[in-house]
Amino acid sequence: MLFEHLIEINSNSVAAQTVVPPFTREQLWRGLMARVQTPQRFPLGPDTCDWREVEPGVIQRTVSFGANAMKDEVQVDAFQKLEFTPEPHGDTTPIRLTITIEEPQPGQMVLRFVYESVSELSAEEAYFNDYRHNAWLHNDRDMVRTLRQWLSGEGL
């Protein structure tokens, strides 16, 4: 299973920049790192997140939603990319998430989100792919909306 989408962060259109303040790469990166280190600050985020950097560019986390705890590892390529790889949990197939900052044109910046199953999905899991894709897209849009609110209000 592979699902991918883009969310435009900065438009190269001057008109769009007057409506939505543009991010610097550093501001966007700080926001993405908040998703790694303090995901509970985001809508529908977990209750808690314990993390530690086990070596440069590698963060191990335990993310808890009530009594359910999930572990993952985040590979950090500073100012470029984050890769979240969950440990197996129950009998569901782990889904790896990669978030990449791209600049296709001067003045334009997008986030590329790639969700990829670590192994083959069961028929039952595959049945729910459309629901997952929709949930991931909404969650990623909410994250960007939250980052925009932080940029406009408290700053990043």
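Cut-offs applied
- Residues numbered from 1 in each chain as written.
- Predicted model: local features only at pLDDT ≥ 70, side-chain atom pairs only at ≥ 80, totals over all residues.
- Heavy atoms only, no water.
- Helix = DSSP H or I, 4+ residues; strand = E, 2+ residues; numbered from the N terminus.
- Rg over C-alpha atoms; globule rule 2.2 N^0.38 Å.
- Buried < 20%, exposed > 50% of the residue type's maximum accessible area, 1.4 Å probe, protein only.
- Contact = heavy atoms within 4.5 Å.
- Areas by Shrake-Rupley, 256 points an atom, 1.4 Å probe, with all protein chains shown as cover.
- Patch = residues over 30% accessible without salt bridge, like charges linked within 9 Å, V, L, I, M, F, W, Y side chains within 5 Å.
- Salt bridge = Lys/Arg side-chain N within 4 Å of Asp/Glu carboxyl O.
- pLDDT = per-residue confidence, 0-100.
- Expected span 1.5 Å × (residues − 1).

> How should I be thinking about the overall build of the protein chain in this particular structure?
For the protein chain, the count of helices and strands is 4 helices and 7 strands. Counting from the amino terminus, the protein chain carries its helices and strands in the arrangement β-α-α-β-β-β-β-β-β-α-α. The C-alpha radius of gyration computed for the protein chain amounts to 16 Å, which stays within 12% of the reference 15 Å derived for 156 residues, consistent with globular compactness. In terms of overall dimensions, the protein chain has a C-alpha envelope of 50 × 35 × 25 Å along the principal axes. Within the protein chain, the fraction of its 156 residues that count as buried is 39%. Contacts in the protein chain between residues at least 24 apart in sequence constitute 48% of all its contacts with a sequence separation of at least 6. Just so you have it, the protein chain exposes about 8,900 Å², and 51% of that area is on carbon and sulfur atoms.

> How should a nonpolar patch on the surface be read in this particular structure?
A surface patch of nonpolar side chains, amounting to about 400 Å² of accessible area, comprises Tyr 127, Phe 128 and Tyr 131. Along the chain, the position of Tyr 127 falls in helix H3 (residues 123-127). We classify Tyr 127 as exposed; its relative accessible area is 61%.

> So what exactly am I meant to see when it comes to the confidence of the model for the protein chain here?
Any residue range with low pLDDT should be treated as having predicted coordinates unsuitable for detailed reading. Across the protein chain, the average pLDDT comes to 90, with 94% of residues at 70 or higher. Summarising per-element confidence for the protein chain, the mean pLDDT is lowest in helix H1 (residues 14-19) (55) and highest in strand S5 (residues 81-86) (98).

> Would you take a moment to explain the side chain of Ser 64 for this structure?
Within the fold, Ser 64 resides in strand S3 (residues 58-65). Setting aside residues up to four positions removed in sequence, Ser 64 forms contacts with Pro 46, Asp 47, Thr 48 and Ala 69.

> Would you take a moment to explain helix H2 (residues 25-37) for this structure?
Every α-helical turn comprises 3.6 residues, leaving residues that sit three or four positions apart pointing alike. When the terminal C-alpha atoms of H2 are compared, their 18 Å separation across 13 residues agrees well with the 18 Å that a helix rising 1.5 Å per residue should span. Within H2 the residues assigned to the buried category are Arg 25, Gln 27, Leu 28, Trp 29, Gly 31, Leu 32, Met 33, Ala 34, Arg 35 and Val 36.

> Even after reading the chapter, I still don't get the pattern of salt bridges, so can you show me in this structure?
One side chain can pair with another of opposite charge once the charged atoms of both are near each other. The full count for this structure, using the stated rule, is 7 salt bridges. The partner of Glu 103 in a salt bridge is Arg 25, with the nearest N and O atoms 2.7 Å apart. Here Glu 103 is found in the loop between strand S6 (95-102) and strand S7 (109-117), whereas its partner Arg 25 is found in helix H2, with 78 residues between them in sequence. Across the salt bridge formed by Arg 145 and Asp 142, the nearest N and O atoms sit 2.9 Å from each other. Of this pair, Arg 145 and Asp 142 both sit in helix H4 (residues 129-152), separated by 3 residues, roughly a single helical turn. Ionic contacts of the salt-bridge type, sharing partners, join the residues Glu 4, Glu 102 and Arg 112 into one network.

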